[in-house]
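# Summary of the model geometry
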Amino acid sequence: MTIEVRNIVKQYGAFKALDNVDLRVADGELLALLGPSGSGKTSLLRIIAGLDWPDAGEVSFDGENALARGAGERHVGFVFQHYALFRHMSVFENVAFGLRVQPRAVRKSEAQIRARVKELLDLVQLDWLANRYPSQLSGGQRQRIALARALAIEPRILLLDEPFGALDAKVRKELRQWLRTLHEEIHVTSIFVTHDQEEALEVANRVVVMDKGKIEQIGTPGDVYDNPATAFVHSFIGESIVLPVDVRDGQVKLGHRPLNIDAGSAVGPSKLFVRRHDMQIGPVGEGAFEGTVRRVRTFGPIQRADIALSDDDTLVEIDAPRDRPLTTGDAISLQPRRYRIFAGQE
Amino acid sequence: MTITIINSPVTVERAQSVARHDPHTEPWLVRGIIISVAVTFLTVFVVLPLILVFSEALSKGVGFYLSALADSEALAAIWLTLITAVISVSLNLVFGVAAAWAVAKFEFRGKTLLVTLIDLPFSVSPVISGLVFVLLFGAQGFFGPWLMSHGINILFAVPAIVLATTFVTFPFVARELIPLMQEQGSQEEEAAISLGASGWRTFIVVTLPNIKWGLLYGVLLCNARAMGEFGAVSVVSGHIRGETNTMPLLVEILYNEYQLVASFAIASLLALLALVTLIAKTILEGQIEEGQLHRDD
Amino acid sequence: MGLTLTWLSLLILIPLAGLFVKTADLSLSQFFDTVTSSRTLHALRISFGLAFAAALVNLVAGLIIVWALVRYRFPGRRLFDAIVDIPFALPTAVAGIALTTLFAQNGWLGAPLASLGIKVAFTPLGIFLAMVFIGIPFVVRTVQPVLIDLDVEIEEAAVCLGASRWQTITRVIIPSLTPAILTGFALAFARAVGEYGSVIFIAGNLPNVSEIAPLLIVIRLSEFRYADATAIAVVMLVVSFLIILLLNRLQRWAQTRALAVS
């Protein structure tokens, strides 16, 4: 199933949750909507599900207008951050719910329902919990049951709203891996919302980075990390050193000092972004920046150092391999191996 | 100035689609029916009787209304009701706080029993509440003969009215405070005591400010019930005119004597008390909620 | 704390114990005769039967009122929300005379009903309506906070799974409210069984027709038949206790089914 979203606008009072959003999701994709809270990612997901309605724009599934149908008629599996399991029903009945509420004409027989639920519980590896109630399960188990319940109706699309947001770090990591494997197995077009970049980069085939109701970039995880399209994406994904620079006549200046690096297309007041591990350390006089080491700590294969730039004492944090140990007080130079300059200083 | 509203076919269609598919609510017709049923039910059963009280009370004019209230029997009933309320509310204030304190801040055997006991007067018929005092202090009662031989009148006199009222209104203060105190826990008290405050001082300085709105709320409900109690008081009062008739009892007597306007005049005072209580309650609920919000910060 | 317990014992336990001790004045057969006399049985049946019916009406009407107050916005909503408490706050004698006048044959509602051939005041129907009146706040006030706190996501989950609105309400929302509904029902029922003030005016108080058990207690007291009065009271207490116990069980079952080990 392909999903196409065109020119979606959603406004809550004066707040623009979605501002002309366009998105195409290919069949069988596992797509992440990544952004800070308030970026509009959950609004978009709910509009696709039919839980909310856009003020303008179109949503189509396989070329068919989805907005003409209610949530119940879209065959969308939705997994909520806080599971939304029915507390008064056993695990079995939770998973069976979608099958039991079908119109009599198409409803499966009791035996078929039992078989299907069993199959789904096997799929999420929790068949031994069938007779328990949600309150007796751990968070991770609950979320897997919620997923099994969503899959029971054989959804054409699977939507997950911060599916691991309420879980603790360890369980979250396990479930990520598990979701990835599950998706490879069932291959249903899936979109999940997250504010956790690691989760998005690790699980998704493609990542959509959103901010303030707009899509900033769409790309593979490698793409959005290595080639961020905007200043926002660069600062939101991965850790970056950000320095205010001025670009004039093709020259990049930090304060009054020319940096001797290529300006790209930026002009005027701009921002220079460098990943922490993309700063090459060298002897004084051989790099774009000069500075003094203020503090060093080591983590496994890397050493992290605070460097005070000699121009204006700005502190930058860099990650360097441990082959050349740094000590506090060293005078060094820094040369960015890879960097991006984006016009504007906002 | 003219205002033009342009309804493009697209937006109209969209609005209809939203209305048809919004998963959070019912079709407007169903909504309308539910609201009408709710409003009609409350109007017929609650609003109409209330309006009727005032309309009957004033049916022969304000002058008649006022003279009905100024009648010596009416004044005596009002006076007795006030005294009864003051005494039983004060008693329940003290013991309600003590009971809530014991339940909320301590663990002890029989706590469940205590909570059940506190609730008991709520679930027992007021007539039965009155009956137990007749059994205790009546002529054939447990203490009756001894009391009579010493010339002490409790039954069919003011003391029994006060006791019965206290009994039926006992739960109000405690029930209001228990959840409030439980929610607040005893950390603040422990902190105060660890800083050297005495138990009493801790109560005055730490506990009381935390529960003041809930306490006032409980007192308010307690008072409303104390002034309006009918069944229990009716059983123990003896209906001695001008002596042991509270306002609700006088309402009954006047009504049964077909002095309808006078009866509704007294009733209107009690209804007014109920209305004032409800308004104060609404205001207090706002205060209590606000207090809880502050605690969450 | 010792003070509290003492006070409670004095004020509550001793009188209640007295109740049972007094019953012992009657021999077993006397007790049995008293409580199985047709007048007593009839009064008990009226009190418990009509209270049960009234509590059922309160349950249905209460759910509708809660739904309207919590889920919809309409003019006067806050006012009607406050009005729900009036039956609780209004002294029972006032409610009694007001309801009687309202439903009397020449009353605002009694007259039109009489022209339809329905007599309310001084009949069991009147008792029933008075019991409905005093029970209104209980279901509303116990269910309201639970419905407000109910997670809207469970409704959305049901809708996404293809449930109709009706299926969502009957299979997901109402079952989630069941413990609160049962509590409200139990409270309304207990209140109606013991109710005296708002009922006796409208009841007509005809023995074997429209006489409620609390009134029979008062009558026996006025005849100085204390033991008889007490016997009726004890039966009322025990039956109420059993019913409340049953409802508590039901409620706990509904609430902690979730905790039952499979």
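Report on the accompanying structure. (Residues numbered from 1 in each chain as written. Chains lettered and ligands numbered in written order. Predicted model: local features only at pLDDT ≥ 70, side-chain atom pairs only at ≥ 80, totals over all residues. Heavy atoms only, no water.)

### Quick look at the overall build of chain B
Across its full length, chain B holds 13 helices and 0 strands. In chain B, the succession of helices and strands from N to C terminus is α-α-α-α-α-α-α-α-α-α-α-α-α. A compact globule built from 297 residues should have a C-alpha radius of gyration of about 19 Å, whereas chain B, at 26 Å, is more than 25% larger. Taking all 297 residues of chain B together, the buried fraction comes to 48%. Across chain B, contacts joining residues at least 24 apart in sequence account for 73% of those joining residues at least 6 apart. Carbon and sulfur atoms make up 67% of the accessible area of chain B, which amounts to about 14,400 Å² in all. Computed over 14 positive and 22 negative side-chain charges, the separation of the two mean positions in chain B equals 4 Å. (Helix = DSSP H or I, 4+ residues; strand = E, 2+ residues; numbered from the N terminus. Rg over C-alpha atoms; globule rule 2.2 N^0.38 Å. Buried < 20%, exposed > 50% of the residue type's maximum accessible area, 1.4 Å probe, protein only. Contact = heavy atoms within 4.5 Å. Areas by Shrake-Rupley, 256 points an atom, 1.4 Å probe, with all protein chains shown as cover. Lys, Arg positive; Asp, Glu negative; His and termini not counted. Charge placed at Lys NZ, Arg CZ, Asp CG, Glu CD.)

### Remarks on the sheet that holds strand β15 (residues 279-282) of chain A
Backbone hydrogen bonds are what pair the strands of a sheet, in a parallel or an antiparallel way. All names here are of chain A. Sheet architecture is open: 5 strands sit in the order β15-β19-β16-β17-β18, paired in antiparallel fashion. If you trace the sheet from one side to the other, it starts and ends with β15 and β18 (315-321), each paired once. Averaged over all adjacent pairs, the angle separating strand axes in this sheet is 45°, with direction ignored. In this structure, strand β16 (residues 289-299) lies alongside strand β17 (residues 302-309), joined through 8 bridges in antiparallel fashion. (Pairing = 2+ DSSP bridges. Axes fitted to C-alpha atoms, helices over the stretch in contact; angles between N-to-C directions.)

### Observations concerning the pairing of β17 of chain A
Two faces, one strand: in a regular strand the side chains alternate between the faces of the sheet. Residues and elements named next belong to chain A. Within β17, 7 of the 8 residues are buried, which leaves the element mostly enclosed by the surrounding structure. Counted along the chain from β16 to the antiparallel partner β17, the turn is 2 residues long, and its residue Gly-300 has a positive phi close to 50°. Relative to β18, β17 runs antiparallel, the two being bridged by 7 bridges. Bridge pairing in β18 places Ala-305 opposite Ile-318.

### So, the interface of chain C and chain A
If you look at the interface, chain C gives 21 residues, while chain A gives 26 residues. Carbon and sulfur atoms make up 61% of the surface buried where chain C meets chain A, a total of about 2,100 Å² over both sides. In this assembly, chain C and chain A are joined by 1 salt bridge. For Glu-156 of chain C, the salt bridge identified is with Arg-46 of chain A, shortest N-O distance 2.5 Å. There are 3 residue pairs in polar contact (both at pLDDT 80 or more) connecting chain C and chain A. For the side of chain C that touches chain A, the secondary-structure elements that each account for two or more residues are α9 (152-160) and α10 (165-194) of chain C. A per-element tally of the side of chain C that touches chain A places α9 of chain C first, with 7 residues. (Buried area = accessible area lost by both parts, 1.4 Å probe. Salt bridge = Lys/Arg side-chain N within 4 Å of Asp/Glu carboxyl O. Polar contact = N/O pair within 3.5 Å; in protein donor to acceptor, adjacent residues only side chain to side chain.)

### Looking at the pairing of strand β9 (residues 206-211) of chain A
All names here are of chain A. Within β9, 5 of the 6 residues are buried, which leaves the element mostly enclosed by the surrounding structure. Pairing of strand β3 (residues 30-34) with β9, which is carried by 4 bridges, proceeds in the parallel orientation. Counterpart to Leu-33 in the pairing with β9 is Val-208. Inspection of the sheet shows β9 paired to strand β10 (residues 214-219) by 5 bridges, in the antiparallel sense. Residue pairing for β10: Val-209 is matched across the bridge by Gln-217. Connecting the antiparallel pair β9 and β10 is a turn made up of 2 residues, with Lys-212 showing a positive phi of about 50°.

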